Structures are given as structure tokens and as C-alpha cells.
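One-letter residues, chain by chain:
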Amino acid sequence: MAQNGTRATGPRCIALVGPFQSGKTTLLEAILARTGAIQRQGTIEAGNTVGDASKEARDHKMSVELSVASTTFMGDAYTMADFPGSIEFVHDMRVALPAVDAAVVVCELDEKKVPQLQLILRELEEQKIPRFLFLNKIDKADSTIHDVLRMLQPASRSKLLLRQIPTFSGDLITGFVDLALERAFVYKEHAPSEIIPLEGDALDLEKTARFSMLETLADHDDELMEQLLEDIQPPRDKIFDDLSKEVREGLVCPVLFGSATRTNGVLRLMKALRHESPTIADTTKRLGVKAGSPVAYVMKTINTSHGGKMSVARVLTGKIGDGTTLLRAEGEAGRVAAVFKLMGQHGEKRGPAEAGDTVAFGKLDHAKTGDTLTDGQTPHPPIVEVAPHAPVLCIAVAAKERKDDVKLGQALAKLLEEDPSITVVHNAETHEVVLWGQGEMQLRVATERLSDRFGVATTSSKPTVGYRETIKKGIVQRGRHRKQSGGHGQYGDVVLDIKPLPRGSGFTFTEEIKGGVVPRNYIPSVGEGVADALKHGPLGFPVVDITAKLIDGSYHTVDSSDMAFQLAGRLAIHEGLPQCQPVLLEPIYQVEIVCPSEATAKMNALMSGRRGQILGFDTREGWDGWDVVRVQMPESEIGDLIVEVRSATAGVGSFTFKFDHMAELVGRTADQIVAARKSAAA
Ligand SMILES: Nc1nc2c(ncn2[C@@H]2O[C@H](COP(=O)(O)OP(=O)(O)O)[C@@H](O)[C@H]2O)c(=O)[nH]1
Ligand SMILES: [Mg+2]
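Only a predicted model underlies this, so the values are computations on that prediction, with no experimental measurement involved.

Here we take up the overall build of the protein chain. Looking only at helices and strands, the protein chain has 18 helices and 34 strands in total. Out of the 682 residues belonging to the protein chain, those deemed buried represent 54%. Once local pairs closer than 6 in sequence are excluded, the contacts in the protein chain between residues at least 24 apart make up 73%. Across the protein chain, the 79 positively charged side chains and the 91 negatively charged ones have centroids separated by 5 Å.

Below you can see the structure in the form of C-alpha cells.
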């Protein structure tokens, strides 16, 4: 039995998550430095941290994908997974989380970050990941710890449990008291804190704070509750056991604090993880993985410029080494070419990985992020399936040089492999390659990666909006194609009855030919000519909701041909449609915005500025303090909507959308769209 309660051992995998800029990557660095994995602690400002080592992360001074680094602490192996905080890159976190034992939620003492914190805690709560809160940047703190807790509690469904209290010298936080150990420490910069006597005021504050910590623990432990009521001092081991049990079950979320840049509070955090975080045995239980054939879960896929494809994976059970054949749930098999220990961008070859180890498998070409792999005879069903959030923003990309077109296709495949929250849509009508993603930054990083990592320079543009046109009245129009050029002539003559159809009907072609004035065998050609002409109506857009009936015509026994009748059909459309009051149709989408209630009024204003029609407001089910706003909005206005929705909601608002109907558009906006189309075609 260990000194402070029972403690299981074995390799851990801990996620560092939290709002953007809260100091996760810096904390990773501090942990690596404090535990001796690196000699010198780098900084974001100097661009020399282990995390964020990719060119894109350095350029933007922010994490844009998961970084993984391993270390050892008091004899146990730890792999820390540092996730980007930006909502745009949240899929990296969501898809990898199932495999971690616990998460450290790094946050700042900043009210504006609370909605983001809530979003992240919600992911952890839903995936049932045990969690700790680390209040970072305590060196800049200017509010009391109790105020901070009151501010943060609404973001968490489980009770926040203060595990430490700060001690001060004047206004400055100079150390802390650990409420479970009942020991006072004073911070030393870049060195372990020193134990000092716990006495005077600090002791009084400690007693009160400790009592409230025990009360929270006692909510889930009747025996402890009785001891508290009877004023019996519970044994220290019991407190540690309760703490670790309640953390593992996600009933409480311990709160620790410190400063990543000064390496304060880092050792304390590691000790809390060592004692209270679950182990691989708990994690496999949570995931329902039974002991038996080896099973691993793929947390991330990276295509390195030198080493080829690497699959970052956690071994959940069994042992996986070089040459192990791994099956996907779908049945494809592949062989592990090498096993690497990860240190940010660097991989170091290592021996076989065992249950609990987080490693990278080399050249596992068939494996995808989120895969459950097994060495067994039969595939293992997926332990979880995490679908990316629906995309909210798109850009069209094209290779800068035509010769790179094929290369672009391959690069895109690799890009999607690394970030499954991006999708590619090939627009057959406009021949555009459209990238759909989670935000501006993600798509910018995606295009940078296409050139930096995969060697294809691209240009990007706004994708074409799916405008259509139709007609408002009908016409009977003759189309006669006649050409007498030397010997063989061309002759086709048709009369079409052209009429508008109701919205959403598309296009129909029918005939009512009597007496063989147009021979049977030429009629399909007339239809083809008409369909072809409708690809570009008088306004320059595909024509829809229209019917053409072939009612009359004539032919020539020698000069008539399929081609001639096709041309006649086309001619009738070209000549007829301009007289049918052509009108522009624009796609209207049903948009559902979710946002914190404070921002609902702003959404309202935003919608009216974007030709949106509000259909209704509702409270968001299961989300206290959030609303849902339903609107109808033109496709052209949705293009960059996410940028404004996020800026009005401290980054947390989002939306989904689906096509609803086509609506007539007239007036200045319509004229501009038509003019732009004409000049683009010219
Ligand atoms: N004052 C102070 N600044 C910090 C601390 N930790 C991180 N920072 C700074 O906060 C910024 C964001 O840090 P980073 O680690 O990139 O945050 P991440 O987005 O959560 O990974 C950087 O400028 C860090 O230097 C801290 O404990 N105190
Ligand atoms: Mg970061």
C-alpha cells in the first residue's frame, strides 16, 4: 500500500485541454522540464517548445493540431497530449479523447473564457473523461480563489473541488496549501516548491477550505459525512481514496493552480495525476474493451515529410510491436513497420508497446484516425465513433500550376487523413474543388499544409453560389436550323411550347407530334438540344422549373439529322427564353444557430443584416443558458457567417444548415449577380 491511499501504477495518457491561449502548450513544456524529459523549458514567444513544432503552429503562434510528448515521473510513464484550444480544431480533441485516462483542463481567470470552458467541459462530461482543472497564470491573478470558483462553477456539471488554496505575500501569490496533505508550500521559480510550516492565518484558512473540500467529497460518501457531522478527523488515506474514486467516476473535478511559465504548481499537478487519475485498467473498463487480443485506438494521423505516415495510438490491451498485423474494424489488415516514442515532432524508435502506452505506429497505411485496431483473428468493433462537427465554412482551392492537378488530389487525401473534420466536395457543375471546414484559421492552415507539407501551392477563392434561373411566363417558339453549304445541307425545324413549372420541379421535355412532322427518331435529339441550352439561360445560370413540349416542326428527307434537330431545339430555347421574363433564383437555407443567451439579441441584428428571416427562438435543450435561433438565409450570406457568429459569442456560437428552397431574387442584388456572371463569362 502506498503512503497516501491506494495507488495503481502503469503508463498514463493525459490530455491537456482548455480554451485557446490558456497555456496548455506552455504547461506541457513545464511538465517536460520539471520531470526531466527536456533540459531547458522553451517558450511560445521564443518558438522553441516541444509542442507546436510544426511550421504552421510556429507561424501562427498557436496550436493547430495535437502534439504528443512522453516523460516519466516517479517511475511511471506519462504521455501528455496537448490539444489546440481553438474551436476550429476541436475535432483533434474529440476524436482522441476516448483513449486518454484523464484530462487537465487548463484555464485562465478570465470571465470571457467561461463559455469556451463550458464547451470543452461538456465534451469531457459527455465522453465521461475524468478531469482536473488547472488554473494557470496565477502569477497574474487579481481575484480571490473563491470568486474564481464561483465564476467557473456554472461551466461544469460536476462539482469543482478546491484542492489547494493560495498563500500570499502582500498581493502576490507566493505559494499554496495542499488541502489533502495539509501542507504549506512556497513557490520557487523553475524549481520544486519548498515546504514551510503551516501556521497562523494560513492555518485558519486551510481549516475552512479543507472542511468545504471534505463536505463535497462527503456528498458521495455517507461514512465520511457521518465523520464530519460527528467531528471525527477522517484518516488521510480515506481522503485520498475518496478523492481518487470520485475523480475517476467524474463526480468531482479537483481544482489546482499554478503558473506554467514559472513552473509553479506543476509538480503538485503531476502528483495529483499520479494519485488520482485513472489507469489503463479503468480506461479499458470505461470503453468496454476486454482483455484478450491486443487492441489499440488511433488518436491522430500525421504524414511526416521524412518518415511517411505515423498513426498516434494508445495500446488499450495486449502488446504491439514491429511486424504486428493490425486489423481495422472493417477488416483491412496492415503491418506495423516501427513503433515510436513521441516527443512533439520527433519520434524515437522503441520496443513493443504494451497496454497503456501511447506511441506512434509507422507506415500503417490502412489505418485512419479514430480506428480501433486489433491483432486478433477477427476485427474488434469500434470502441467509439466520433463524427466531426458539421462544417461551417468553405473555400474553393485550385493548384497554382495546372501540372499539379493530380498532385493536388493526392495532397488533399493526406490532408483529410490528418484532419477528418475537413471535407472536400467536387462541384461537377463549376469544376471547383471546395474545402469545407470548421473556420477561417483551420482552412488557412489547411492550404498552408498543402504547400508546406505536401508540396502543392494552391490559390483559393470564394466558391460559386448555386444560383439558378427560371421563367415567369410561357411562349410558343419556333427554332429552325437550316444550312445549305455545298452538297449535303442541314435541316431541323421545331416548335416548342415553353412554360414555367412550380418551384422545385426541375425540367421536363414532352412531345405531341402528330402526323410525323418530326420523325420519331429525331425527337430525343430535340430533347437533348433543349437540355443543353438550359445549362446557360439568358441570365447566365442553369434554367430550372421549366417544361418544353415539342408540338410541331418539319423535316427534310435528305438534310435532316440528329445534329440538326439538336441545334433546332437549342435555338428555340435561346430565342424563346429572353421573352419569358427570366428571373434569378437563389438557394435559401434553413440555418440553426446555437449561442449563449446573452448573444441572442446580437444574432437577431446579425440576421437582419444578412437578409435572414427569423423563424423562431428556443432554449437549447440540455444547455442551460443557451438558445437556438432558427432562420432562413440565402446561401450567399452563409459564406462567412461563422466569422460573425463566433465574434459575437466569444468564439462558442455555431450553426448547422441545410438547403430549403430556391427563391426569386430581383432588384439591385440580382442585377449585380447577373452582371458579375456576365463579366466572368466574357
Ligand atoms: N503570465 C503567464 N503567461 C503564461 C502562463 N502560461 C502561458 N502563458 C502565456 O500564455 C500564452 C499562451 O500560451 P500557450 O501555451 O500557447 O497556450 P495554449 O493555447 O493553451 O496552448 C503564451 O504567450 C504564454 O507565454 C503563465 O503561467 N503565466
Ligand atoms: Mg497550445
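That was the structure; now back to the text.
This part is about the sheet that holds strand E8 (residues 172-178). Hydrogen bonds between backbone groups are what pair the strands of a sheet, and the pairing can be parallel or antiparallel. What the 4 strands build is an open sheet, ordered E7-E8-E9-E10; its pairing is antiparallel. Every interior strand has two partners, whereas the edge strands, strand E7 (164-169) and strand E10 (191-196), have only one. Sheet twist, expressed as the mean angle between neighbouring strand axes with direction ignored, is 35°. In the sheet, E8 pairs with strand E9 (residues 183-188) via 4 bridges, with the strands oriented antiparallel. Residue pairing across strands places Phe176 opposite Phe185, the latter belonging to E9.

This part takes up the confidence of the model for the protein chain. For the protein chain, per-residue confidence averages 92 on the pLDDT scale, and residues scoring 70 or more make up 98% of the total. When mean pLDDT is compared element by element in the protein chain, strand E1 (residues 12-17) scores highest at 98, while helix H2 (residues 55-60) scores lowest at 86. The model gives residues 1-5 a pLDDT under 50, and that stretch makes 12 contacts with residues more than four places away or in other chains.

Here helix H15 (residues 600-608) has its buried residues at Thr600, Met603, Leu606 and Met607. Looking straight down H15, one finds that the buried residues subtend no more than 110° of arc, so they occupy a single side. Pointing more than 90 degrees away from the buried face of H15 are the exposed residues Ala601 and Ser608.

Under the defined criterion, the tally for this structure stands at 10 aromatic pairs. Ring geometry for Trp436 versus Phe657: centroids 5.8 Å apart, planes at 35°, classification tilted. On the criterion of sequence distance, the pair formed by Trp436 in strand E24 (residues 432-437) and Phe657 in strand E34 (residues 654-665) is long-range, its members being 221 residues apart. For the pair Phe655 and Phe657, a centre-to-centre distance of 5.9 Å together with 50° between the ring planes defines the contact as tilted. Take Phe657: its relative accessible area is 24%, and that puts it in the partly exposed class.

About the criteria used
Residues numbered from 1 in each chain as written. Chains lettered and ligands numbered in written order. Predicted model: local features only at pLDDT ≥ 70, side-chain atom pairs only at ≥ 80, totals over all residues. Heavy atoms only, no water. Helix = DSSP H or I, 4+ residues; strand = E, 2+ residues; numbered from the N terminus. Buried < 20%, exposed > 50% of the residue type's maximum accessible area, 1.4 Å probe, protein only. Contact = heavy atoms within 4.5 Å. Lys, Arg positive; Asp, Glu negative; His and termini not counted. Charge placed at Lys NZ, Arg CZ, Asp CG, Glu CD. Pairing = 2+ DSSP bridges. Axes fitted to C-alpha atoms, helices over the stretch in contact; angles between N-to-C directions. pLDDT = per-residue confidence, 0-100. Arc of directions from axis to C-beta. Phe/Tyr/Trp six-rings, centres within 6.5 Å; stacked < 30°, edge-to-face > 60°.

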